[in-house]
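Residue-level listing of the chains:
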Amino acid sequence: NAGVTQTPKFRVLKTGQSMTLLCAQDMNHEYMYWYRQDPGMGLRLIHYSVGEGTTAKGEVPDGYNVSRLKKQNFLLGLESAAPSQTSVYFCASSWFSGANVLTFGAGSRLTVL
Amino acid sequence: AQSVTQLGSHVSVSEGALVLLRCNYSSSVPPYLFWYVQYPNQGLQLLLKYTSAATLVKGINDFEAEFKKSETSFHLTKPSAHMSDAAEYFCAVSETSGSRLTFGEGTQLTVNP
């Protein structure tokens with residue numbers, strides 16, 4: 001089925017290690033987003049992109065970097081993982097923002113020890 | 001600035017009972033409003049959205065929500081709960097066609113047999 005695919009689904013890191021989460025969408029959406037979900041805090045936007053080659057900060061960008069070299073892919077990087085980054089990460093995409101519906105991936109569960 | 005408050009982080013109902021999940025928003029302009037549902041170990045899916053056409057919005061699986069400007073509310077209801085409705089529900093707001101979604105903290109719905 002068409003949609004948003006996230007890899008990996010699970011990952012365990014040690015403090016200080018680096019990793020990259022990959023998000024791929026096949027709907028030709030312009031906008032892509034990375035959220036983190038923590039208990040009792042809903043979804044918080046980390047970074048987003050409004051088109052190929054663009055990125056912008058969301059509400060909780062510290063400790064993360066992103067890149068959107070191709071329209072269909074949006075990468076989320078952790079350069080030096082910290083236990084506070086233990087979370088479930090969701091990628092989403094949409095045609096545009098505002099009234100447009102987001103399509104979400106299934107999530108990537110990251111644990112930092 | 002836009003914000004969303006979901007009253008009640010946990011709601012428990014009996015199968016066949018009315019479901020009422022509360023959402024209040026803050027917005028300086030007429031907003032776009034959404035309800036998303038997250039089933040266990042899955043990403044979020046759209047239930048319904050309000051974009052100023054009709055104040056009573058019908059969504060999937062017999063859910064509906066009513067936009068009440070005077071109360072700044074967008075509560076989600078379903079006449080008769082099914083066991084399969086057990087999930088986490090998120091209300092979200094976007095102020096304009098160019099702004100990003102802000103999510104509420106989520107409400108976990110439990111349906112008891």
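The rules behind these values
Residues numbered from 1 in each chain as written. Chains lettered and ligands numbered in written order. Predicted model: local features only at pLDDT ≥ 70, side-chain atom pairs only at ≥ 80, totals over all residues. Heavy atoms only, no water. Helix = DSSP H or I, 4+ residues; strand = E, 2+ residues; numbered from the N terminus. Buried < 20%, exposed > 50% of the residue type's maximum accessible area, 1.4 Å probe, protein only. Areas by Shrake-Rupley, 256 points an atom, 1.4 Å probe, with all protein chains shown as cover. Lys, Arg positive; Asp, Glu negative; His and termini not counted. Charge placed at Lys NZ, Arg CZ, Asp CG, Glu CD. Contact = heavy atoms within 4.5 Å. Buried area = accessible area lost by both parts, 1.4 Å probe. Salt bridge = Lys/Arg side-chain N within 4 Å of Asp/Glu carboxyl O. Polar contact = N/O pair within 3.5 Å; in protein donor to acceptor, adjacent residues only side chain to side chain. Nonpolar A, V, L, I, M, F, W, Y, C, P; charged D, E, K, R; others polar. Disulfide = S-S within 2.5 Å. Pairing = 2+ DSSP bridges.

Caption draft 1: Spatial organisation of the overall build of chain B. Across its full length, chain B carries 0 helices and 11 strands. Start at the N end of chain B and walk to the C end: the helices and strands fall as β-β-β-β-β-β-β-β-β-β-β. Along the first, second and third principal axes, the C-alpha atoms of chain B reach 40 × 25 × 20 Å. Taking all 113 residues of chain B together, the buried fraction comes to 44%. Working note: accessible area of chain B is about 5400 Å², and carbon and sulfur atoms make up 49% of it. Of note, chain B has its 7 positive side-chain charges centred 7 Å away from the centre of its 9 negative side-chain charges.

Caption draft 2: Region of the structure containing the interface of chain B and chain A. Residue-level contacts link 23 residues of chain B with 18 residues of chain A. Contact between chain B and chain A buries roughly 1500 Å² in total, counting both sides, with carbon and sulfur atoms accounting for 58%. Of all residues in chain B, the largest losses of buried area upon contact with chain A belong to Leu44, Arg100 and Phe103 of chain B, amounting jointly to 34% of the total for that side. Run the count over chain B and chain A and you get 0 salt bridges. Where chain B packs against chain A, one counts 3 residue pairs in polar contact (both at pLDDT 80 or more). When residues of the side of chain B that touches chain A are traced back to their parent elements, those giving at least two are strand S4 (32–38), strand S5 (44–50) and strand S9 (87–94) of chain B. Examining the composition of the side of chain B that touches chain A, we find that 4 residues originate from one element, S4 of chain B, more than from any other. By residue class, the composition of the side of chain B that touches chain A is 8 nonpolar, 11 polar and 4 charged.

Caption draft 3: Representation of the pattern of salt bridges within the structure. All names here are of chain A. In the structure shown here, the tally under the stated rule is 5 salt bridges over all chains. Asp38 is paired through a salt bridge with Arg44; the nearest N and O atoms lie 2.8 Å apart. Accessibility expressed as a relative area gives 18% for Arg44, which makes it buried. In this structure, a network of salt bridges that share partners links the residues Arg36, Asp38 and Arg44.

Caption draft 4: Broad picture of the state of the cysteines. Residue and element names in this part refer to chain A. A complete count under the given rule lists 2 disulfides over all chains for this structure. The partner cysteine of Cys23 in its disulfide is Cys91, sulfur to sulfur 1.9 Å. On the sign convention where negative means left-handed, the S-S torsion of about -75° between Cys23 and Cys91 marks this disulfide as left-handed. Here Cys23 is found in strand S3 (residues 19–25), whereas its partner Cys91 is found in strand S9 (residues 87–94), with 68 residues between them in sequence.

Caption draft 5: Fine view of the pairing of strand S7 (residues 64–68) of chain B. All names here are of chain B. Residue alternation in S7 divides its side chains into a buried set, Ala65 and Phe67, and an unburied set, Glu64, Glu66 and Lys68. Bridge count for strand S6 (residues 56–58) against S7 is 3 bridges, and the pairing is antiparallel. By the bridge assignment, Val57 is partnered in S7 with Ala65. Both S7 and strand S8 (residues 73–78) contribute to a ladder of 5 bridges, which runs antiparallel. Bridge pairing in S8 places Ala65 opposite Leu76. Between S7 and S8, which pair antiparallel one after the other, the connecting turn spans 4 residues, and Thr72 there sits at a positive phi close to 45°.

Caption draft 6: Fine view of the side chain of Gln2 of chain B. Residue and element names in this part refer to chain B. Note on placement: Gln2 falls in the segment before strand S1 (3–7). Given a relative accessible area of 16%, Gln2 falls into the buried group. From its side chain, Gln2 meets the backbone oxygen of Val93 in a polar contact 3.2 Å long. Within the structure, Gln2 has its side chain in polar contact with the side chain of Thr102 (distance 2.9 Å).

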